[in-house]
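Summary of the model geometry
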Amino acid sequence: MSAGSEEFATVSWKERLSFGGGDLATNIAWGALATYVVFFYTNVIGAAASAVGTIVLIARLFDGVVDVGMGAIVDRTSTRWGKARPWVLWAAAPFAIALILVFTVPGMESTPTLVYIAITYALMNIALSAAVIPYGTLNTRMTRDFTERSRLNVTRMFGATLGSLVVTVLTLPLVSALGDDQRAWIITFCLFGALAAVLFFVTFRNTRERIVDTAPPKEQPGIGESLKLAARNRYWLLLFAIFIVFSVAESLYTGATAYFAQYFLGNAGFAALMSFMLYIPALLGMLFMQPVYNRFGKIAPMIVGAAIFVAGSLVIAIDPTNMTLAVAGSILRGIGRIPIFGAIWGMLPDTIEYGEWKNGRRLEGVLYSAGSMGQKLGYGLGAAVLGWVMGAAGYNGLNHTQPDSALAAINALFVYVPMVLFVLLIVLFWAYRLERIYPAVEKDLAERRASAGIAS
């Protein structure tokens, strides 16, 4: 097989599943940070919600810069394993250790505790960048085939959904079974961290990079020039905005789940049930999305999915204290997330191809960092809003009862604000027109590579 034909290779099931294991590992940490970390800091450690929100936002803003830097490092990496795969291996152990440290908060006074939280939360986000940016870039380097990349994306999002399901559904029951104290949280995340490290090793061991680089790594542009090229890629910019809006919404309703379950449904443990109903439809539905994307493309199903999510939010809004409506609304929300979660990361490789077509440079690492950077900024902003609004509304995690203003804030953050953001997503999806011209982009790029002697 020539280098050109190998670039369009069909990926085996073993390799595809091993690739998906990387996102399962990532979302063990991501699910914990999105769903439980603010709840852990306020209700277990007793930290002020507004202070936690500020720490999370600053850490995520800083990590957005780290993402771009990590993307540039990946673009300039050259080893016998490739440029992305080795970083998946090297980041595995630091990733697991950082996750454990986040939930190992020593008993100290308020100020030292906040300092510890800030340092360990920042380290966790750096470890995420070191693993996630190379892992995501790996998708663009395993094959150029549009359909194969779409299949890889569906597989990774199945793994991502499974990882989020595992950590959101099992965390509170495990903590409860292990003693329902901080020691129980530490043991729980030691288990999760070890599992994540093993999964990253499996991804490294069983995947391949097939793309032939058109320029040596040292000849890749620096961060400044890369960002200038990225700014001329309209679909990269639009997708960056989509990631931010989607992630803010996700951060709000997942971060508010435990609070909503405790104060509206009567038991924080119901957060596991709510998360189960949110993620199970996506986990099952992801298995059937590839034929839908093949038939309708990515955008139309994503618009329909966003509309279904809005409908689910309206169901919950009818009576937030009604368990039946909460479960039904969560299921609808989960169904609505299926086409979005299954396609959004698969859109990034398309913008990379578009950037190569438009600017003549292939910037996989830096452009791929848009997804992670937008996601982290969105989750950081969402977590900050969660902490700030609840703090301003008078919430105190150590009190058994909360003022009406705090309850109203929890309801708005869980139901109404995410609903409005998903309406905004519909508008952004409609404006994204790349898939209409993508066949022409792909054809032109193939002709350029053939004339340059890269293809067979």
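Residues numbered from 1 in each chain as written. Predicted model: local features only at pLDDT ≥ 70, side-chain atom pairs only at ≥ 80, totals over all residues. Heavy atoms only, no water.

An unreviewed UniProt entry lists the protein chain under the name MFS transporter, from Amycolatopsis halotolerans.

With that settled, the discussion passes to the nonpolar core. Residues Y41, M124, Y259, F260 and F422 are the most contacted members of the largest nonpolar core, which totals 130 residues. For this core, the leading source of residues is helix α7 (residues 110-142), giving 13 residues. Residues contacting F260, with those up to four places away along its chain left out, are L265, M274, I316, P320, I410, N411, F414 and V415. (Core = buried A, V, L, I, M, F, W, Y, C linked by side-chain atoms within 4.5 Å. Buried < 20%, exposed > 50% of the residue type's maximum accessible area, 1.4 Å probe, protein only. Helix = DSSP H or I, 4+ residues; strand = E, 2+ residues; numbered from the N terminus. Contact = heavy atoms within 4.5 Å.)

Time to look at the environment of F296. Summarising the element assignment, F296 is placed in helix α14 (residues 289-296). Not counting chain neighbours up to four residues away, the residues in contact with F296 comprise P301 and E435.

The topology assignment puts S164 in helix α8 (residues 146-177). Setting aside its immediate chain neighbours within four residues, S164 contacts N27, G31 and Y279.

In the structure shown here, the tally under the stated rule is 6 salt bridges. Note that R16 is salt-bridged to E148, the shortest N-O span being 3.9 Å. Of the two residues, R16 sits in helix α2 (residues 13-35) while E148 sits in helix α8, which places them 132 residues apart along the sequence. Judged on exposure class, the residue R16 and its partner E148 are both buried. Residues D23 and R156 are paired through a salt bridge, measuring 2.5 Å at the closest nitrogen-oxygen approach. Here R156 lies in helix α8 and D23 lies in helix α2, a separation of 133 residues in the sequence. (Salt bridge = Lys/Arg side-chain N within 4 Å of Asp/Glu carboxyl O.)

By the element assignment, T26 lies in helix α2. Classification of T26 as buried rests on a relative accessible area of 6%. When the C-alpha atoms of T26 and V310 are compared, they prove to be 27 Å apart, with 284 residues separating the residues in sequence. In this structure T26 touches F95, L128, V132 and F200, once residues within four positions along its chain are discounted.

A few words on a nonpolar patch on the surface. A surface patch of nonpolar side chains, amounting to about 420 Å² of accessible area, comprises F62, V115, I119, L123 and I126. Its location among the elements puts I119 in helix α7. (Patch = residues over 30% accessible without salt bridge, like charges linked within 9 Å, V, L, I, M, F, W, Y side chains within 5 Å. Areas by Shrake-Rupley, 256 points an atom, 1.4 Å probe, with all protein chains shown as cover.)

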